[in-house]
Every structure is written in structure tokens, then in C-alpha cells.
Amino acid sequence: MSCVFIRGLEVTACHGVHDSEKVIPQKFVFDADIETDFYGAAKGDSLSGTVNYSAVCDVIARTATEKSYDLIETLAYACAAAVLEDRNARGLKLTVYKPQAPVKHKFATVGVTLELKKERVILSMGSSIGDKKGYLDSGLKLLEGTPGIRVVKVSSYIETEPYGGVAENKFINCAAEIETWLPPEKLLEEIHRIEAECGRERTVHWGDRTLDVDIVFYGKRVICEDDLQVPHPEYSARDFVMKPLNEIIPDFICPVFKKKIRDIRF
């Protein structure tokens, strides 16, 4: 992957925890490395296939001046999120320097650095209570409205029998492909928030629910944590997961089975 970079972008803005910093502008300096694939742009000599560094400078400057933050950590995330709205930007390393910070020692500068990378994530979604289609629609809308998440593709909705011997109602299920720069744990937090906003109550394991969202794949990563296992350990045994996956990502290669979805028996 190639990179477009910016060094020493100066923006005058008001950020800081002290009252004076909120009203007296000071200098902030930005370094940015934007991961992108500009082979097509280079081959065709076309700006549309790469990241426009002038536009990135405008985005950072506008984001840094339109709102005041106490922390440069918050400023960095706001600017990074804005830059990553560019579809050609695949990842970003951003450093924010605050050379005029109110520190009672001699120093050159202080600052923060963050790195974000867009990942292809596959979700399985289901509902078995109330307006099932409505809950799936709401869940997708809330995903799209979450900063750092873009819904790329959604499968057809299918009706399936309950799984696990606990739920009593039939489900409506689908799969969704999203693009996100949220780390897996933060994505899971947002998913739980969305489920709760749709009325999900975690009372009975595998019971009926308004909305259930599982992370099936997070890029090519294999994650084994107490509260998160990716790929989802039971996805290949569930036809209500595999049928939608075969519809939207038949050629995706499972990082565990090393097979395309279309070639995995279920």
C-alpha cells in the first residue's frame, strides 16, 4: 500500500483545558500519513484515484477550527475521522503537535499520535420479536449513522427457524458488509449500544430478541478474547448465517478454514 503524506501543517485554533486556551488562539501542527493505493491514479495520471493532499489540509484545518476541544486527543480523533471520509483513504497515521502548550518547563513541543485503518467487517443480524424487518432496518440505519462505520452491502432478508432450542419465534436474518476504522472492541461496544437502542434485553441466552448483531469476520484477523471471538466460532454451522454470506461475499476466504465462503459446507 502506498502513502500520501503531509508534514508541518499549521492551524491556529482554540483547544485546551484552561479557560484562556478556549479564547486565545494558538498554533497546532499536523503530520499526516494517508494510506492509499494510487497505482490507478499514477497509471491514468488522474487525481480522482488518489488522496488529494490539498483537500486533506482543508479538512484538517476546518475540523480543527469549527469546534473547541479540551484535549488534543479528541482533536486528533475528530480530524482523523474527517480525513477517513475520503473513500480513497485506507488508513491514517496522524500526529498533532501543540508547541505553545502551557507547560512550566522548557520544551520543543508536545503532542499525540494515532493510527487508524479501515477494515472490511462482516456482520450477521437477526430479529425474532415484534416488527422484525423494522428492527433490522433500524439496526442498519444506526450502524450507518455511527462515526467510523459505513454500510457497504446488505443481503436479502430471509426467514429462518429458531436456533439453539431456546427461542420460540421464527427469525428474520441478514448479513451486512461494513467498512470501519473502529477497533474490534470499540465496534462491539457500538453494536451493543445499537442492540440496546432497538430494545434488546440480555436475559435469556439464545432467547428471542428484538435485534441480534454478531461480528462474523473482522478483516482477516483471528481474535480470541473472553467477550469476542472472530471469526464467529459457530458461523459455518448456521444456515441463517451462511446463506446470506454466500449471497454477498461468496469469494471471501475464511482466515481459519482457508476456504472461500462458497466452498464451505454447512
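Read on for a plain summary of the structure. This is a predicted model, so every value here is computed, not measured. (Residues numbered from 1 in each chain as written. Predicted model: local features only at pLDDT ≥ 70, side-chain atom pairs only at ≥ 80, totals over all residues. Heavy atoms only, no water.)

## With respect to the environment of Thr36
What counts here: A run of H or I in DSSP becomes a helix once it reaches four residues, and a run of E becomes a strand once it reaches two; helices and strands are each numbered from the N terminus. The buried label goes to any residue with under 20% of its type's maximum accessible area, the exposed label to any with over 50%, and the partly exposed label to all in between, with areas taken from a 1.4 Å probe on protein chains only. We call two residues in contact whenever any of their non-hydrogen atoms come within 4.5 Å of each other.
Looking at where Thr36 falls in the secondary structure, it is placed in strand 2 (residues 26–36). You can call Thr36 buried: its relative accessible area is 1%. Once the C-alpha coordinates of Thr36 and Val4 are considered, the two residues, 32 residues apart in sequence, prove to be 7.2 Å apart. Other than its neighbours up to four places away in sequence, Thr36 contacts Met1, Ser2, Cys3, Val4, Thr50, Val51, Asn88 and Arg90.

## Notes on the layout of surface pockets
By rolling a water-sized probe across the atoms, one finds the places where empty space is left. Rule in force here: Residues are said to line a cavity or pocket when one of their atoms sits within 4 Å of a point; the points come from a 1 Å grid over protein atoms alone, cavities being sets where a 1.4 Å probe fits but cannot get out and pockets being open sets with protein on both sides within 12 Å along at least five of seven lines. Grid points are joined across faces, edges and corners, and a volume is the space filled by probe spheres set on the points. Amino acid classes used here: Ala, Val, Leu, Ile, Met, Phe, Trp, Tyr, Cys and Pro are nonpolar; Asp, Glu, Lys and Arg are charged; the rest, including Gly, are polar.
In this structure, the second largest pocket encloses a volume near 250 Å³. Around the second largest pocket, the lining residues are Tyr77, Ala78, Ala81, Thr146, Pro147, Trp181, Leu182, Pro183, Lys186 and Glu190. Of all the secondary structure elements, the ones that give two or more residues to the lining of the second largest pocket are helix 3 (72–83) and helix 5 (184–197). Its residues assigned to classes, the lining of the second largest pocket comprises 7 nonpolar, 1 polar and 2 charged.

## Considering the packing of aromatic side chains
Worth spelling out the cut-off: Between the rings of Phe, Tyr and Trp (Trp by its six-membered ring), a pair exists once the centres lie within 6.5 Å; its type follows the angle of the planes, with under 30 degrees stacked, over 60 edge-to-face, and the other angles tilted.
As enumerated under the stated definition, the model contains 4 aromatic pairs in all. Ring centres 6.4 Å apart and planes at 35° place the aromatic pair Tyr77 and Trp181 in the tilted group. With a gap of 104 residues between them, Tyr77 in helix 3 and Trp181 in the loop between strand 8 (171–180) and helix 5 connect regions that are remote in the sequence. Between Tyr235 and Phe257, the aromatic rings sit 6.2 Å apart at their centres with planes inclined by 45°, giving tilted as the arrangement. One end of the pair, Tyr235, is in the loop between strand 11 (229–230) and helix 6 (239–248); the other, Phe257, is in the segment after helix 6, with 22 residues separating them in the sequence.

Take it as geometry only, folks, not as evidence of what the structure does.
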